[in-house]
Amino acid sequence: MADHILKVQALKKSYGGVQAVFDVSFDLKEGDFLGIIGPNGSGKSTLVNLITGFVKPDSGSVFYMGKDITGKRPYKIANLGIARTFQMAKAFHELPAFKNVIIPLFSPRVRKSRGGQYGERDDVAIDLLEEVGFERDSAVPFKTAGNLPHGYLKRLELARCMALRPDLIIMDELFSGMSMAEVAGTLPVIEKLKVEGATLIMIEHRLKELFRVANRVIVLNYGQKIADGPPGEVMETEAVKKAYLGSEE
Amino acid sequence: MPRSHKEDKGSKYRKERLDRGIKARSDSIFALSSYREALYLVFPRAVIIIGLLILPLVLDEYWTKVLVITCVIAILSLSWDFIALSGMLSLGQALFFGVGSYLAGALNHYWGVSPLFSIPLATIVGGALCTILILPVLRLRGIYFAMVTFVLPLIIISIIEMSGVLGGVEGLSALSPIPNLWVTAYFIIFALLAFFFGFRRLMDTDYGLVLKGIRDNDQAVMSGGINIYWYKAQALFIGGAAGAFVGAFMTHHYRFVGLPAFSMDYTILPIACTVVGGTGTFAGAMLGTFILMPLTEFLRAIGSWRVVFYSFLMVIFIIAVPEGIFHFLQRKYHQFERWVKTE
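Residues numbered from 1 in each chain as written. Chains lettered and ligands numbered in written order. Predicted model: local features only at pLDDT ≥ 70, side-chain atom pairs only at ≥ 80, totals over all residues.

### Some remarks on the sheet that holds strand β4 (residues 59–64) of chain A
Residues and elements named next belong to chain A.
Phase 1: Ordered by their spatial adjacency, four strands build an open sheet running β2-β1-β4-β5, and the pairing between neighbours is antiparallel. Two strands in the sheet have a free side with no partner beyond their single neighbour: β2 (18–29) and β5 (67–68).
Phase 2: Relative to β2, strand β1 (residues 4–15) runs antiparallel, the two sharing nine bridges. Following the sheet pairing, Leu6 is matched in β2 by Leu28. (Pairing = 2+ DSSP bridges. Helix = DSSP H or I, 4+ residues; strand = E, 2+ residues; numbered from the N terminus.)

### Quick word on the environment of Ala174(B)
All names here are of chain B.
Phase 1: Its place among the elements puts Ala174 in the loop between β2 (172–173) and α6 (181–204).
Phase 2: Overall, Ala174 belongs to the exposed group, with 9 C-beta atoms counted inside 10 Å.
Phase 3: Residues Ala174 and Arg255, spaced 81 residues apart in sequence, show a C-alpha to C-alpha distance of 5.6 Å. (Buried ≥ 20, exposed ≤ 12 C-beta atoms within 10 Å, placed from the backbone.)

### Looking at unusual backbone geometry
Excluding glycine, a negative phi dihedral is what most residues carry, and trans is how most peptide bonds are arranged.
Residue and element names in this part refer to chain A.
Phase 1: One non-glycine residue with positive phi stands out, namely Asp23, at about 60 degrees.
Phase 2: Note on placement: Asp23 falls in strand β2.
Phase 3: Judged by the 14 C-beta atoms lying within 10 Å of it, Asp23 falls in the partly exposed class.
Phase 4: The phi angle at Glu173 is positive, at roughly 45 degrees, despite the residue not being glycine.
Phase 5: Look at Glu173 and you get buried, because 20 C-beta atoms sit within 10 Å.

### What about the pairing of strand β7 (residues 168–172) of chain A?
Residues and elements named next belong to chain A.
Phase 1: Most of β7 sits out of view: five of its five residues are buried.
Phase 2: Both faces of β7 are covered, namely the face carrying Leu168, Ile170 and Asp172 and the face carrying Ile169 and Met171.
Phase 3: Bridge count between strand β6 (residues 82–84) and β7: three bridges; the pairing is parallel. Bridge assignment links Arg84 to a residue of β7, and that residue is Ile170.
Phase 4: Two strands pair when backbone bridges link them, and β7 and strand β8 (residues 199–203) are joined in this way by five bridges, in the parallel orientation. Across the sheet, the residue bridging to Asp172 is Ile203, located in β8.
Phase 5: Once the chain exits β7 it traverses helix α7 (residues 180–195) before rejoining the sheet at β8, and the crossover so formed is right-handed. (Right-handed = clockwise from strand over helix to strand, strands pointing away.)

### Here's the deal with the interface of chain B and chain A
Phase 1: Contacts between the two partners involve 18 residues from chain B, matched on the other side by 25 residues from chain A.
Phase 2: Among the elements of the structure, α7 (206–216) and α8 (218–223) of chain B are those that each provide at least two residues to the side of chain B that touches chain A.
Phase 3: Broken down by element, the side of chain B that touches chain A gets its largest block of residues, six residues, from α7(B).
Phase 4: A class-by-class count of the residues in the side of chain B that touches chain A yields six nonpolar, eight polar and four charged. (Contact = placed C-beta atoms within 7 Å. Nonpolar A, V, L, I, M, F, W, Y, C, P; charged D, E, K, R; others polar.)

### Digging into the environment of Gln335(B)
All names here are of chain B.
Phase 1: By secondary structure assignment, the location of Gln335 is in strand β4 (residues 335–341).
Phase 2: Along the backbone, Gln335 and Ile155 are 180 residues apart, and their C-alpha atoms lie at a distance of 49 Å.
Phase 3: In contact with Gln335, other than residues within four places in its own chain, are Arg17, Leu18, Asp19 and Arg20.

### Some words on α7(B)
Phase 1: Residues of α7(B) that are buried include every one of Leu209(B), Val210(B), Leu211(B), Gly213(B), Ile214(B) and Asp216(B), and no others.
Phase 2: Those residues of α7(B) hidden inside the fold are in contact with α3 (97–105) of chain A together with α2 (61–85), α8 and α9 (228–254) of chain B.

### Overview of the sheet that holds strand β3 (residues 33–37) of chain A
All names here are of chain A.
Phase 1: If you trace the six strands from one edge of the open sheet to the other, you get β6-β7-β8-β3-β9-β10, paired in mixed fashion. Of all the strands in the sheet, just β6 and β10 (224–229) have a single pairing partner and so form its edges. Across the sheet, the axes of successive neighbouring strands diverge by a mean angle of 15 degrees, strand direction being ignored. (Axes fitted to C-alpha atoms, helices over the stretch in contact; angles between N-to-C directions.)

### Concerning the packing of helix α10 (residues 265–277) of chain B against helix α11 (residues 283–298) of chain B
Residue and element names in this part refer to chain B.
Phase 1: Close contact between α10 and α11 brings their axes to 7 Å; oriented N to C, the two are set at 110 degrees. As judged from the angle between their axes, α10 and α11 are roughly perpendicular. For the element pair α10 and α11, the recorded crossing hand is right-handed. On the side of α10, the interface is formed by Ala272, Cys273, Thr274, Val276 and Gly277, while α11 contributes Gly284, Ala285, Met286, Leu287, Gly288, Thr289, Ile291 and Leu292.
Phase 2: Grouping the amino acids of the contact of α10 with α11 by side-chain chemistry returns eight nonpolar, five polar and no charged. (Parallel < 35°, antiparallel > 145°, perpendicular 65-115°, else oblique. Left-handed = near helix turned anticlockwise from the far one by under 90°.)

### Points about helix α1 (residues 44–52) of chain A
Residue and element names in this part refer to chain A.
Phase 1: In terms of burial, α1 is a largely internal element, nine of the nine residues being buried.
Phase 2: Listing the buried residues of α1 in full gives Lys44, Ser45, Thr46, Leu47, Val48, Asn49, Leu50, Ile51 and Thr52.
Phase 3: The positive-phi residue at the C-terminal boundary of α1 is Gly53, with phi of around 90 degrees.

What follows is the structure, given as structure tokens:
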């Protein structure tokens with residue numbers, strides 16, 4: 001049971017005639033860092049939506065810590081400890097940045113687990129923002145989220161995830177649209193989460209950064225899993241080369 | 001230099017807006033360091049409280065009655081604004097009002113419950129009943145949600161008309177009154193103040209934050225582990241109870257309840273008032289109601305032209321201050337404006 005934190009079995013989802021995700025299965029051990037890559041439209045985001053309950057699968061199942069979570073509502077899955085970021089940053093644009101982080105702090109999961117080390121929500125929120133690189137003593141954490149630059153919004157997504165104190169974090173193209181400096185500043189945050197024992201899944205187009213942290217990579221193409229293994233090996237596979245570079249005929 | 005820029009044609013000026021020093025960092029955080037600054041914050045709130053408390057003393061009987069109706073519509077506006085802030089576009093104010101009215105009327109007519117108990121009972125039960133009626137469509141959003149809340153009162157009207165229950169088309173009359181106009185006026189004024197400051201306080205808590213989050217981005221709230229439907233239902237109950245409360249109050253004020261309790265006026269007027277005053281602040285909803293409602297009374301003098309004139313005025317308000325009158329005033333109060341040279 002406990003050796004697999006996440007077990008995905010034969011997930012299928014189609015939109016109209018298009019198979020967005022077709023027969024994808026994989027297991028994830030606790031402490032793993034899984035990268036999911038693939039060309040645009042290969043079903044990566046749909047896979048995340050299927051796991052986190054935002055989309056219901058046509059068939060197949062998802063087990064989390066031995067528990068069937070297939071098709072459960074997103075807030076229930078989040079309360080079990082699976083946090084996710086969205087590809088398109090979904091901030092609360094009318095609220096100040098630190099108030100954005102307070103909303104997950106208000107969830108049943110966090111309220112139940114609040115021990116001595118988790119203080120006033122405002123303070124915890126600002127601590128979390130500082131962790132992802134918001135300058136604490138500046139005006140940035142207090143700015144309305146709608147006025148923040150894109151890089152900050154993406155990191156705000158990560159802070160919202162971290163507020164849930166999740167066991168599994170799924171990051172959907174967290175680095176897209178971030179500057180090199182912002183990526184360099186965010187990578188240590190992610191590495192720290194890994195050291196602290198979280199299991200991570202990362203969808204990414206920036207392969208160089210991804211391969212620095214991931215210890216396993218799954219490649220999707222047209223909704224199907226075409227490769228699975230350590231980053232170095234996977235990129236040498238014939239099918240992956242074909243998917244990324246096109247066939248040579 | 002506010003004026004001289006017009007004479008000085010050689011260079012361009014633009015208006016610069018600066019927050020007053022008292023506004024520290026964020027919208028809702030203030031740094032108080034003197035009595036003057038405390039007064040700056042207290043003044044607008046004091047105007048509302050003292051103004052409302054004095055009004056029944058200076059108005060004659062007719063205008064006191066207008067004040068009572070204005071307060072009733074103001075509470076309906078607050079309720080609409082609250083539900084809108086929680087991410088639901090409701091056209092159901094007439095439903096809340098009507099359900100509250102009929103509950104209080106029935107309690108009083110069939111069981112002889114005095115207004116002292118029928119009003120609170122109708123408030124709680126009315127809020128719960130409206131929430132249950134709307135519960136099946138809680139998943140709908142925007143205009144689809146609005147349409148269902150709009151249709152519900154019409155359905156209830158037809159049911160009462162055809163089945164003849166609850167007095168049918170004649171309604172229930174000769175109900176227990178509220179003692180006198182003084183009690184009536186001060187009762188509804190205190191209720192209005194309680195709802196106004198209560199709603200504002202509630203929206204400032206972390207609970208209110210979740211409601212605002214649902215309006216802003218419901219998927220992000222769900223990914224934060226929060227059951228948005230549970231929170232939406234709670235918000236509906238609170239808003240519905242406020243509407244049912246004024247319905248019950250009006251039943252005893254008029255000593256009558258009938259089909260007009262589900263009239264569309266109770267849906268349209270609060271929305272018009274809130275839009276003119278400014279949405280999302282509660283103060284805007286109050287201000288809009290206290291401008292439009294007395295205005296309609298003044299316009300009674302010109303007979304049927306009233307509607308034309310009234311609509312015309314509303315269009316002017318909406319074009320001139322699209323953000324709402326309150327947002328405009330708030331900006332003027334919190335910020336300096338000055339002309340600065342750009343070239």
